[in-house]
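Close look at the chain arrangement
One letter stands for each residue in the lines below.
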Amino acid sequence: MLFPTDSFFTRILYTLLPFMALITGFYSLLIWLAVAVTEDYIVESYLNLEAEAFQGKHAQVGRAAPMPNAIYLKGYWSTDPTLPLVALNLPPGHHELAKGDVHVLVSAVGGESALLVLLLDESKLSQTEGYRTQIFGLLCAVAGLILILGAILAIAIARAIAQPVSQLAAEVADAVPGPVRFSGFDRQDEIGTLSRTLSSLVTQQHSTLQREKAFTRHVSHELRTPLSILNNCLAILRLRTRSCGQKVKSR
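My aim in this report is to walk through the structure given alongside it, one point at a time. Quick caveat: nothing in here was measured; it's all calculated off a predicted structure. (Residues numbered from 1 in each chain as written. Predicted model: local features only at pLDDT ≥ 70, side-chain atom pairs only at ≥ 80, totals over all residues. Heavy atoms only, no water.)

Among the secondary structure elements, His 95 is positioned in strand β2 (residues 93–97). Residue classification places His 95 among the buried positions, given a relative accessible area of 19%. In this structure the side chain of His 95 is engaged in a polar contact, spanning 2.7 Å, whose partner is the backbone oxygen of Pro 91. (Helix = DSSP H or I, 4+ residues; strand = E, 2+ residues; numbered from the N terminus. Buried < 20%, exposed > 50% of the residue type's maximum accessible area, 1.4 Å probe, protein only. Polar contact = N/O pair within 3.5 Å; in protein donor to acceptor, adjacent residues only side chain to side chain.)

Printed below as a string of structure tokens:
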């Protein structure tokens, strides 16, 4: 059995609650991924700008161009002996190291056989990195609040959907004899179809009952005289039988 209950309201609720939870989880995950993808896009764009700025200076002064240098950003030549081991022998392009906290851009520079290597520590660049746990907790709290509000909304929707059916069932149970028009009779949806069908059925049953009552009254009236005559004849036959028996005994 798909639903462990016969309640129409509960069945609707069992359908809406998992759907609402699934949608909430999906959008929470989507928001989290959007934040991560946006951060990566911003970092990559920033590295591209730094590489372009350095290449512009290198085109003017050659190797005398200063390498990008900040708390969160370091620049190296691929042949530099101080280049961190994690960035050795990386092909040109963007790379993420140390679980995504370190971003590396390897780019060719015009007129140089060595490659430009830019290392950016995202934990030092973004002020939000230190609050990742708090942000995740806030996101979970928002998801929980949405779940609670969604559950309340699901209950309200389930009641609104089940209310016409419950009202229709109550009207059918309390239907009086005679032609009836239950609630929702003029609706053009499934509730209207059900209401018209039940109204027609109850009306037909009332008509059938009236015909049966009329037939019973007619039969009762027509058979009253013959039954009375038969009853009197049976009474006379009983009297004759008793009289004949008494005569035989007296002899």
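Turning next to the pattern of salt bridges. Per the counting criterion, the structure on display carries two salt bridges. Glu 112 is the partner of Arg 63 in a salt bridge, and the nearest nitrogen-oxygen pair spans 3.0 Å. Pair noted here: Arg 63 is in the loop between α1 (8–61) and β1 (73–77) and Glu 112 is in the loop between β3 (102–108) and β4 (115–121), with a separation of 49 residues, a long-range link. The exposure class of Arg 63 is partly exposed, given its relative accessible area of 47%. Looking at Glu 112, the relative accessible area reads 21%, which means it is partly exposed. (Salt bridge = Lys/Arg side-chain N within 4 Å of Asp/Glu carboxyl O.)

Within the element layout of this structure, Ala 65 appears in the loop between α1 and β1. Sequence separation between Ala 65 and Gln 55 is 10 residues; the distance between their C-alpha atoms is 8.7 Å. In contact with Ala 65, other than residues within four places in its own chain, are Phe 54, Lys 57 and His 58. (Contact = heavy atoms within 4.5 Å.)

The next point concerns the packing of aromatic side chains. For the coordinates displayed, the defined rule picks out three aromatic pairs. The interplanar angle of 65° and the centroid separation of 5.7 Å between the aromatic rings of Phe 54 and Trp 77 together place this pair among those described as edge-to-face. Placement of Phe 54 in helix α1 and of Trp 77 in strand β1 is noted, with a sequence separation of 23 residues between them. Trp 77 shares its class with Phe 54; the two are buried. Stacked on the ring of Trp 77, the Lys or Arg Arg 63 has its end atom at 4.3 Å from the ring centre. (Phe/Tyr/Trp six-rings, centres within 6.5 Å; stacked < 30°, edge-to-face > 60°. Lys NZ or Arg CZ within 6 Å of the ring centre and 35° of its normal.)

Positionally, Ser 166 belongs in helix α3 (residues 132–173). Taking the relative accessible area as the measure of exposure, Ser 166 reaches 47% and is therefore partly exposed. As for Ser 166 and Phe 8, which are separated by 158 residues in sequence, their C-alpha atoms are 8.8 Å apart.

Bringing the nonpolar core into the picture now. Judged by nonpolar contacts, the single largest core of 13 residues is most densely connected at Leu 47, Phe 54, Leu 116 and Leu 118. Sorting elements by how many residues they give to this core places α1 first, with four residues. When near neighbours in sequence (up to four residues on either side) are disregarded, Phe 54 contacts Ala 65, Pro 66, Met 67, Pro 68, Trp 77, Val 109 and Leu 116. Core analysis: the next-biggest nonpolar cluster, separate from the first, contains nine residues, Leu 83, Leu 97, Val 117 and Leu 119 among them. (Core = buried A, V, L, I, M, F, W, Y, C linked by side-chain atoms within 4.5 Å.)

What follows covers the pairing of β3. Of all seven residues making up β3, six are buried, and the element is well covered by its neighbours. For β3 and β4, the ladder comprises seven bridges, and the chain directions are antiparallel. When the sheet's bridge partners are listed, Ser 107 is paired in β4 with Leu 116. Turn length for the β3-β4 hairpin, with the two strands adjacent in sequence and antiparallel, is six residues, and the turn residue Gly 111 shows positive phi of about 85°. (Pairing = 2+ DSSP bridges.)

Bear in mind that shape data such as this cannot, by itself, settle questions of function.
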